[in-house]
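Architecture at a glance
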Amino acid sequence: TREDVFAALAAAFEGWLETWARGENFARVRLAWLDRAAGVGGEVEVAQGGRRLRGRFLDIDARARLRLATDSGEITIEAGDVFLPARGQD
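Below or above, wherever it landed, is the structure these notes cover. None of the values given here were measured: they were computed from a predicted structure.

Cut-off values and rules
- Residues numbered from 1 in each chain as written.
- Predicted model: local features only at pLDDT ≥ 70, side-chain atom pairs only at ≥ 80, totals over all residues.
- Heavy atoms only, no water.
- Axes fitted to C-alpha atoms, helices over the stretch in contact; angles between N-to-C directions.
- Helix = DSSP H or I, 4+ residues; strand = E, 2+ residues; numbered from the N terminus.
- Parallel < 35°, antiparallel > 145°, perpendicular 65-115°, else oblique.
- Contact = heavy atoms within 4.5 Å.
- Nonpolar A, V, L, I, M, F, W, Y, C, P; charged D, E, K, R; others polar.
- Pairing = 2+ DSSP bridges.
- Core = buried A, V, L, I, M, F, W, Y, C linked by side-chain atoms within 4.5 Å.
- Buried < 20%, exposed > 50% of the residue type's maximum accessible area, 1.4 Å probe, protein only.

As a further point, take the packing of helix 1 (residues 2-21) against helix 2 (residues 26-36). Two elements in contact, helix 1 and helix 2, have axes separated by 9 Å at closest approach and are oriented at 150°. Judged by the angle between their axes, helix 1 and helix 2 are roughly antiparallel. Contacts between helix 1 and helix 2 involve Trp16, Thr19 and Trp20 on the former and, on the latter, Phe26, Arg28, Val29 and Ala32. A per-class count over the contact of helix 1 with helix 2 returns 5 nonpolar, 1 polar and 1 charged.

Below is the structure:
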């Protein structure tokens, strides 16, 4: 049921919040996130205000910024909306 799914998600989230509250290194959270993140290594588009950037999603750095490899070189992005290509593309 929806309630069961929400309860499972809430329990998992609570565990990560406890990890964070204990002051554990962000590296553990980062590695777990990267292990589950969609799009790592693939092409993505990032919208920041009025501009759009396209590139290969490398990872997130130690400061939680997205690392993007573009035709112009590697850039880091602190905030933006990330879009994966539609299925069947890329």
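Right, picking up where we left off after that structure.
Spatially, 4-3-2-1-5 is the arrangement adopted by the 5 strands of the open sheet, whose pairing is antiparallel. Two strands close off the open sheet at either side, each with one partner strand: strand 4 (73-77) and strand 5 (81-83). Averaged over all pairs of adjacent strands, the angle between their axes in this sheet comes to 45°, without regard to strand direction. As defined by bridge partners, strand 3 (residues 66-70) adjoins strand 4 across 5 bridges and the pair is classed as antiparallel. The partner of Thr70 across the bridge, within strand 4, is Gly73.

All right, on to the side chain of Arg65 then. Within the element layout of this structure, Arg65 appears in the loop between strand 2 (51-60) and strand 3. Look past the residues within four positions of Arg65 in its chain and what remains in contact with it is Asp59, Ile60, Thr76, Ile77 and Glu78.

Attention now goes to the pairing of strand 3. Where strand 2 lies against strand 3, 4 bridges are found, and the strand directions are antiparallel. Counted as the bridge partner of Ile60 is Leu66 from strand 3. Between strand 2 and strand 3, which pair antiparallel and follow one another directly, the connecting turn spans 5 residues, one of which, Ala64, has a positive phi of 70°. The hairpin turn running from strand 3 into strand 4, its antiparallel successor, is 2 residues long.

For soluble globular proteins, nonpolar side chains are generally found buried alongside one another. Of all hydrophobic cores here, the largest spans 11 residues; its members are Phe26, Val29, Leu34, Val44, Val46, Leu53, Phe57, Ile60, Leu66, Leu68 and Ile77. Going through the elements one at a time, helix 2, strand 1 (43-48), strand 2 and strand 3 are the ones with two or more residues in this core. When near neighbours in sequence (up to four residues on either side) are disregarded, Ile60 contacts Phe26, Arg30, Trp33, Leu34, Arg65 and Leu66.

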